[in-house]
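Architecture and fold: a report
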Amino acid sequence: MKKGQYQYLMLVYGISILAVTLLIALFLFSFKSSTDIQGYSGDSSLDINFLNYLRTSVAVNELEFSMADLIIYSYYTNDFSKLDERTKIIFDKLYGDKCFWEIRLSLEDIPNLNFHVISNLGLIPDDSQSVYAVIPGLKGENINVRLIKKC
């Protein structure tokens, strides 16, 4: 073979590998499943709002807590007044009068029995959106915190 023929073969070989790689990448990243779209029907920021709610800082007896810590504190002291007050302030600023919302607290072992409910006194319809988190307690139990919202 002559001197430049190997370089020409390597160029063709390299371009064909690059083309196959690009086709595979386009195939993998251009299609989305329909379940991804259906998972976010309506307000897709519900998870973010709920996570921000749990992370919101609050002062109790001159100590800084997150709302998740305040939920645990309220559960053990059986005093939900500060939790109710702060939750209503947060969600009234977030949703105002345009949405009905409700926070349900239950133990993970008994998810259908709520030990505390905070809401804006609206009736939550069956087609509402919900998201929940599990917060570990101090004595090994886990607390389910569920946000249900309908706008």
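Rules and cut-offs
- Residues numbered from 1 in each chain as written.
- Predicted model: local features only at pLDDT ≥ 70, side-chain atom pairs only at ≥ 80, totals over all residues.
- Heavy atoms only, no water.
- Helix = DSSP H or I, 4+ residues; strand = E, 2+ residues; numbered from the N terminus.
- Buried < 20%, exposed > 50% of the residue type's maximum accessible area, 1.4 Å probe, protein only.
- Areas by Shrake-Rupley, 256 points an atom, 1.4 Å probe, with all protein chains shown as cover.
- Salt bridge = Lys/Arg side-chain N within 4 Å of Asp/Glu carboxyl O.
- Axes fitted to C-alpha atoms, helices over the stretch in contact; angles between N-to-C directions.
- Left-handed = near helix turned anticlockwise from the far one by under 90°.
- Contact = heavy atoms within 4.5 Å.
- Nonpolar A, V, L, I, M, F, W, Y, C, P; charged D, E, K, R; others polar.
- Arc of directions from axis to C-beta.

Let us now look at the overall build of the protein chain. Summing up its helical and strand segments, the protein chain has 5 helices and 6 strands in all. Seen in sequence order, the protein chain has helices and strands lined up from the N terminus as α-α-α-β-β-α-α-β-β-β-β. In the protein chain, which comprises 151 residues, the share counted as buried stands at 26%. Roughly 10,800 Å² of accessible area belongs to the protein chain as shown, and the carbon and sulfur atoms make up 59% of that amount.

Attention shifts here to the pattern of salt bridges. Under the defined criterion, the tally for this structure stands at 1 salt bridge. Glu102 is the salt-bridge partner of Arg104, the closest N and O atoms lying 2.4 Å from each other. Arg104 gets classed as partly exposed once you look at its relative accessible area, which sits at 30%.

Time to look at the packing of helix α3 (residues 46–55) against helix α5 (residues 81–95). At a minimum axis separation of 11 Å, α3 and α5 run at an interaxial angle of 145 degrees. Relative to α5, α3 is oriented so that their crossing is right-handed. Residues Leu46, Asn49 and Tyr53 of α3 pack against Leu83, Thr87, Ile90, Phe91, Leu94 and Tyr95 of α5. Of the residues in the contact of α3 with α5, the class split is 7 nonpolar, 2 polar and no charged.

Residues Leu46, Asn49, Phe50, Tyr53 and Leu54 constitute the buried set of α3. Within α3, the buried residues cover an arc of 135 degrees as seen down the axis, which keeps them to one side. Counted as exposed and oriented over 90 degrees from the buried face of α3: Ile48 and Arg55. Against the buried residues of α3 lie β2 (63–66), α4 (67–77), α5, β3 (100–107), β5 (129–136) and β6 (142–150).

Attention now goes to the environment of Phe65. Counting through the fold element by element, Phe65 comes out in strand β2. When the C-alpha positions of Phe65 and Arg55 are compared, they lie 8.9 Å apart, and in sequence the two are 10 residues distant. Setting aside residues no more than four positions away along its own chain, Phe65 makes contact with Thr56, Ser57, Val58, Val60 and Leu70.

Moving on, we get to the environment of Lys149. Residue position: Lys149 is located in strand β6. Placed 103 residues apart in sequence, Lys149 and Leu46 show a C-alpha to C-alpha distance of 8.4 Å.

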